Amino acid sequence: MATTRKRKAAAEAAPLQSLNVDSLAAFMGIEQPDRERLTLALGLAIEAAEAVTGQPVGDTAPHGIRHGVHLLAAELLIKDQLEDIPEPAAIPLVVRYLLKAANAGS
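Quick look at the structure, then.

What counts, and at which threshold
- For every chain, the first residue of the written sequence is number 1, and numbering continues from 1 along that sequence.
- pLDDT decides what is reported in this predicted model: residues at 70 or higher carry local features, side-chain atom pairs at 80 or more are listed and counted, and totals for whole chains, interfaces and linings draw on all residues regardless.
- Side-chain descriptors were evaluated using all non-hydrogen atoms of the structure, hydrogens and water having been removed beforehand.
- Strands here are runs of E lasting at least two residues and helices are runs of H or I lasting at least four, both read from the DSSP assignment and numbered beginning at the N terminus.
- Summary of the burial criterion: residues with accessible area below 20% of their type's maximum are buried, those above 50% are exposed, and those between are partly exposed, where the area comes from a 1.4 Å probe applied to protein chains only.
- Whether two residues are in contact is decided by their heavy atoms, any of which lying within 4.5 Å being enough.
- Method for areas: the Shrake-Rupley scheme with a 1.4 Å probe, in which residue coverage is limited to the protein chains shown.
- Any N or O atom pair separated by 3.5 Å or less is treated as a polar contact, with the protein-specific requirement of one donor-capable and one acceptor-capable atom, and with residues adjacent in sequence counted only for side-chain atom pairs.
- Expected helix span is taken as 1.5 Å per residue step, with the number of steps being one fewer than the number of residues.
- Inter-axis angles, ranging from 0 to 180 degrees, are taken between N-to-C directions of lines fitted to C-alpha atoms, where helices are fitted over the stretch in contact.
- Oblique is the label for any angle not under 35 degrees, not over 145, and not in the 65 to 115 range, which are roughly parallel, roughly antiparallel and roughly perpendicular in turn.
- Nonpolar residues are Ala, Val, Leu, Ile, Met, Phe, Trp, Tyr, Cys and Pro. Charged residues are Asp, Glu, Lys and Arg, and all others, Gly as well, are polar.

1. Points about the overall build of the chain
Scanning the chain from terminus to terminus reveals five helices and two strands. With 106 residues in all, the chain has 33% of them scored as buried. Sequence-distant contacts, at least 24 apart, represent 74% of the contacts inside the chain between residues at least 6 apart. Total accessible area computed for the chain in this model is approximately 7100 Å², and 53% of it derives from carbon and sulfur atoms.

2. Re unusual backbone geometry
If a residue is not glycine, its phi is most likely negative; likewise, a peptide bond is most likely trans. Its identity as a non-glycine residue notwithstanding, D80 has a phi of 55°, on the positive side. Along the chain, D80 falls in the loop between helix 4 (63-78) and helix 5 (93-105).

3. Some details on the environment of T53
In this fold, T53 is placed in helix 3 (residues 35-53). Sequence separation between T53 and A101 is 48 residues, and the spatial gap between their C-alpha atoms is 9.4 Å. With residues up to four places along the chain from it excluded, the contact list for T53 reads I65, L99 and N103. At 3.1 Å, the side chain of T53 and the backbone nitrogen of Q55 are in polar contact.

4. Here we look at helix 4
End to end, helix 4 covers 22 Å across 16 residues, agreeing with the expected 22 Å (1.5 Å per residue, within 8%). Among all positions in helix 4, only G64, I65, R66, G68, V69, H70, L72, A73, A74, L76 and L77 are buried. Remark: D80 follows helix 4 within two positions and exhibits a positive phi of approximately 55°.

5. As for the packing of helix 2 (residues 21-28) against helix 3
One can describe the packing of helix 2 onto helix 3 by two numbers: an axis separation of 9 Å at closest approach and a directional angle of 100°. Relative to helix 3, the element helix 2 lies roughly perpendicular. Residue-level inspection shows V21, D22, L24 and A25 of helix 2 in contact with helix 3, the latter providing R35, L38, T39 and L42. For the contact of helix 2 with helix 3, the per-class residue count stands at five nonpolar, one polar and two charged.

Next comes the structure, spelled out in structure tokens:
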């Protein structure tokens, strides 16, 4: 009978990383960011992530959550949609996948 290895706990495999305006600017490669616009986009993306996962998102997050929030915030900035939280159906599928997969591992 074949044996299987148990996966490491999600907390061990995915250390928490900072999630803030500076991390978003670095993700987007912006050297002189418009902090006000990035703050708006990040706030909306975090609220959308919380709606998708049903869990709060703090100042630090696992890679999958952080990456999903960064991708969504970048899209909101590019499309200049900085007024309303995007509906879950309007969130790109890849972002929803990252958020749900990361949330399932925690």
